[in-house]
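Below are the chains, spelled out letter by letter.
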Amino acid sequence: MTARTAIVTGAARGIGAATARRLAAEGHAVAVLDLAEEQAQATADAINAKGGKAIAVGADVADEDAAAAAVARVAAELGPPQILVNNAGILRDNLLFKMSAGDWDAVLGVHLRGAFLMSRAVQSSMVEAGWGRIVNLSSTSALGNRGQANYAAAKAGMQGFTKTLAIELGRFGITANAVAPGFIETEMTKATAERVGVPFEDFLAHAAKETPVGRVGQPEDIAAAVAYFCSEDAGFVSGQVLYVAGGPKA
Ligand code: NAP
């Protein structure tokens, strides 16, 4: 496999960290990007300690200048990026009648504006190389989920965004695909359990019961799907949404 430079956003922990570790294990140099560089550093350190190559980059993906500066720094330190995983995400759940415009904007901002800004910033180095892989994190919530009007809209938006990138960028050897996870055990789902006042263990047990394979997902389950879309083998697979949810969701 050809070693590439990869950027994984929201990679300080959870699915992003597992994806950064997985891409590094496959030989890629990885920029571990997150809001706080100190938090991303731990993931990068762990990769470097295992013989991989990683740097930590602090940036808010929803900030136009910060996104562009982060990509420029990665290009200078690791080489032009040819893999981008738009994973950074936040939740601001509430029922519609209680949802503030700020919570709507924040969620759409990180997921959609962030993915747009990062993709726009990396596309030129992918076009130049005639090779690129963009993977966007969607969710089963794209199909609709109570209390998540903002998040569901963002995650459905990620799918339309992905398909459009696939159409526009395919001629340059660039594919764009989306992974739509079901319930994954991370800080994000832990925060949801806290918000609804259910002990995390009970929350996990309930989710496992509702899942056909009888367990909740782990970050590594999603990293494996992302890694497939990033592989040389997946060059003819573009504009797809893969639900990784332990059962059929779409
Ligand atoms: P997580 O544990 O909350 O990690 C998300 C990471 O993104 C955090 O490190 C967070 O940093 C970072 N981040 C947030 N806003 C950012 C910004 N503006 N710029 C850069 N980084 C930012 O979440 P996760 O569960 O691993 O989820 C990862 C992705 O998968 C998200 O897109 C999520 O929507 C999606 N997903 C998750 C699940 C699930 O069940 N966990 C299911 C479906 C889809 P801070 O800690 O500093 O905020």
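Our subject is the structure that appears above.
Residues numbered from 1 in each chain as written. Predicted model: local features only at pLDDT ≥ 70, side-chain atom pairs only at ≥ 80, totals over all residues. Heavy atoms only, no water.

Here's the deal with the packing of helix H3 (residues 64-78) against helix H4 (residues 101-129)
Thought 1: It is at 9 Å that the axes of H3 and H4 come closest, and there the two elements cross at 40°. In terms of orientation, H3 lies oblique with respect to H4. Note that H3 runs across H4; the crossing there is right-handed. Contact residues: Glu64, Ala67, Ala68 and Val71 in H3; Arg113, Leu117, Met118, Arg120, Ala121 and Val122 in H4.
Thought 2: Looking at the contact of H3 with H4 residue by residue, the classes come out as seven nonpolar, no polar and three charged. (Axes fitted to C-alpha atoms, helices over the stretch in contact; angles between N-to-C directions. Helix = DSSP H or I, 4+ residues; strand = E, 2+ residues; numbered from the N terminus. Parallel < 35°, antiparallel > 145°, perpendicular 65-115°, else oblique. Left-handed = near helix turned anticlockwise from the far one by under 90°. Contact = heavy atoms within 4.5 Å. Nonpolar A, V, L, I, M, F, W, Y, C, P; charged D, E, K, R; others polar.)

Regarding the packing of helix H1 (residues 14-25) against helix H8 (residues 219-230)
Thought 1: Closest axis-to-axis distance for the H1/H8 pair is 8 Å, and the angle between their directions is 50°. Put simply, H1 runs oblique to H8. The two elements H1 and H8 meet at a crossing, and its hand is right-handed. From H1, Gly14, Ile15, Ala18, Thr19, Arg21, Arg22 and Leu23 reach across to H8, where they touch Pro219, Glu220, Ile222, Ala223, Ala224, Val226, Ala227 and Cys230.
Thought 2: The class makeup of the residues in the contact of H1 with H8 is 10 nonpolar, two polar and three charged.

Looking at the site of the ligand
Thought 1: Near the ligand lie 29 residues; those nearest to it are Arg13, Asp34, Asn87, Tyr151 and Thr186.
Thought 2: Contacts to the ligand include Arg13, whose side-chain N or O atom sits 2.8 Å from an oxygen atom.
Thought 3: At 2.8 Å, a backbone N or O of Ile184 approaches an oxygen atom of the ligand.
Thought 4: Expressed as a share of its isolated accessible area of 900 Å², the protein-covered part of the ligand is 92%.
Thought 5: The set of elements that each furnish at least two residues to the shell around the ligand consists of H1, H4, helix H5 (149-169) and helix H6 (187-196).
Thought 6: Of the residues contributing to the shell around the ligand, the split by class is 14 nonpolar, 10 polar and five charged. (Near = heavy atom within 4 Å. Polar contact = N/O pair within 3.5 Å; in protein donor to acceptor, adjacent residues only side chain to side chain. Areas by Shrake-Rupley, 256 points an atom, 1.4 Å probe, with all protein chains shown as cover.)

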